[in-house]
Amino acid sequence: LHALLIASAQGGDELPILWYVAIAAFISVDLNLDASGSAVAGGAWLSWGFGGGAAVATAVYVNGRDDFTVFIVCLTLFSLILTVSIICLIMVPDWTALRGPAGCVALAGSIVPLAIAVGWCTVLGMWCWVAEMNLCGVVARLQPGGEQGGGERGGGERGGGGSSFLLALLFNRFIHPLWHALSALVAYLVLQLLLAAHGLLRHSEWGLPACSGLVPLVTFMGHDKRA
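Numbering of residues starts from 1 in each chain and follows the order in which that chain's sequence is written. Side-chain atom pairs in this predicted model are given and counted only at pLDDT of 80 or more, local residue features only at pLDDT of at least 70, and totals for whole chains, interfaces and linings cover all residues. With hydrogens and water excluded, all non-hydrogen atoms of the structure serve as input to the side-chain values.

Peer 1: What's the story with the overall build of the protein chain in this structure? I'm lost.
Peer 2: Helix and strand counts for the protein chain come out as five helices and two strands. Strands here are runs of E lasting at least two residues and helices are runs of H or I lasting at least four, both read from the DSSP assignment and numbered beginning at the N terminus. Secondary structure elements of the protein chain, listed N to C terminal, follow the sequence α-α-α-α-α-β-β. Each residue is placed in one exposure class: buried if its accessible area under a 1.4 Å probe, protein chains only, is under 20% of its type's maximum, exposed if it is over 50%, and partly exposed if it falls in between. Out of the 227 residues belonging to the protein chain, those deemed buried represent 35%. Any two residues whose heavy atoms approach within 4.5 Å are treated as being in contact. Look at the contacts in the protein chain between residues 6 or more apart in sequence, and 62% of them connect residues 24 or more apart. Note on areas: Shrake-Rupley, 1.4 Å probe, and residue coverage restricted to the protein chains presented here. Total accessible area computed for the protein chain in this model is approximately 12,700 Å², and 70% of it derives from carbon and sulfur atoms.

Peer 1: Hey, could you run me through a nonpolar patch on the surface in this one?
Peer 2: Side chains of Trp19, Ile23 and Ile27 sit close together on the surface and give an oily, nonpolar patch of about 270 Å² of accessible area. Within the secondary structure layout, tryptophan 19 lies in helix α1 (residues 7-35). The class for tryptophan 19 is partly exposed, based on a relative accessible area of 39%. Each patch is built from salt-bridge-free residues with over 30% relative accessible area, joining like charges within 9 Å and nonpolar side chains (Val, Leu, Ile, Met, Phe, Trp, Tyr) within 5 Å. Definition used for salt bridges: Asp or Glu carboxyl oxygen within 4 Å of a side-chain nitrogen of Lys or Arg.

Peer 1: Before we go on, may I ask you to explain the nonpolar core in this structure?
Peer 2: Note that soluble globular proteins tend to have their nonpolar side chains buried in a common cluster. Throughout this description, the term nonpolar core refers to a set of buried Ala, Val, Leu, Ile, Met, Phe, Trp, Tyr and Cys residues connected via side-chain atoms within 4.5 Å. Counting 44 residues, the largest nonpolar core has Leu18, Phe78, Ile111, Val190 and Leu193 as the members making the most contacts within it. No other element matches the 11 residues that helix α5 (residues 161-202) contributes to this core. When sequence neighbours within four positions are dropped, the list of residues in contact with valine 190 reads Tyr20, Ala24, Leu82 and Val118.

Peer 1: Help me out: how do you make sense of the confidence of the model for the protein chain in this one?
Peer 2: Low-confidence regions, as indicated by low pLDDT, have predicted coordinates that should not be scrutinised in detail. Per-chain confidence: the protein chain averages 75 in pLDDT, with 71% of residues scoring 70 or above. Note: pLDDT gives the predictor's confidence per residue, expressed from 0 to 100. Here residues 146-161 scores under 50 on pLDDT; set against residues more than four positions off or in separate chains, the count is 32 contacts.

Peer 1: Help me out: how do you make sense of the environment of valine 190 in this one?
Peer 2: For valine 190, the location among the structural elements is in helix α5. Using a relative accessible area of 3% as the deciding quantity, one classes valine 190 as buried. As for valine 190 and glycine 119, which are separated by 71 residues in sequence, their C-alpha atoms are 10.0 Å apart.

Peer 1: Just checking my understanding: could you explain the side chain of serine 85 for this structure?
Peer 2: By the secondary structure assignment, serine 85 is in helix α3 (residues 68-91). Every residue in contact with serine 85, bar those within four places of it in the chain, is listed here: Ser28, Val29 and Asn32.

Peer 1: Teacher, can you tell me more about helix α2 (residues 44-63) here?
Peer 2: For α2, with 20 residues, the first-to-last C-alpha span of 28 Å sits near the 28 Å given by 1.5 Å per residue. Within the sequence span of α2, burial applies to Leu46, Phe50, Ala54, Ala57, Thr58 and Tyr61. For α2, the buried positions fall inside an angular range of 105 degrees around the axis, keeping them on one side. When the buried face of α2 is taken as reference, the exposed residues oriented beyond 90 degrees from it are Trp48, Val56 and Asn63. Residue count minus one, scaled by 1.5 Å, sets the expected span of a helix. The directions from the helix axis to the C-beta atoms form the arc being described.

Peer 1: In this structure, what is going on with the environment of glycine 103? I would like to understand it.
Peer 2: By the element assignment, glycine 103 lies in helix α4 (residues 95-142). Through-space distance from the C-alpha of glycine 103 to that of proline 209 is 9.0 Å; in sequence the pair is 106 residues apart.

Encoded structure:
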């Protein structure tokens, strides 16, 4: 769908991203409410609120899918809620009171490293996306036949030579795939982070979350006798 470069087909690629971020934001906000002991945690109003927000964002996106700004605005709003919620989930709850010293160990050994990994992958992914969105035109103009090339549109000197070829290869074969790979990795890491937090807060019978492996995978070890 993404490779077709058709507005309607792009929707099939971009709308699931929008929905995923909305769902992750809902879960993270609900976890924060649960960690704070709020009586509204798990309430229907929260799911209806985020569901309604996602429906409105979908309608707005579909109505203006030719304008990429609409997608960016909707995605940014949900992403900001998710980001703030993850930060609050780490910094606000008194984990010693919630799960004792073992809870703090689990936080430091799983949730915090996952949050750091999410942050770095997001920064690198956004760098790749910004580079691709803003520099592709520059790369195209450096190619033979471009505005600065020696083809029919150029008329000037052939620009770039071997260096422009390598730059185009970098953008075509590295920057774009890296952006997609980092986006997928962020989605996976956020899922693992929310799973660890959910298990630590609500299901002490699962044991304490632990994160291991080159590609982090959350597992639950031991058993909380106070459950």
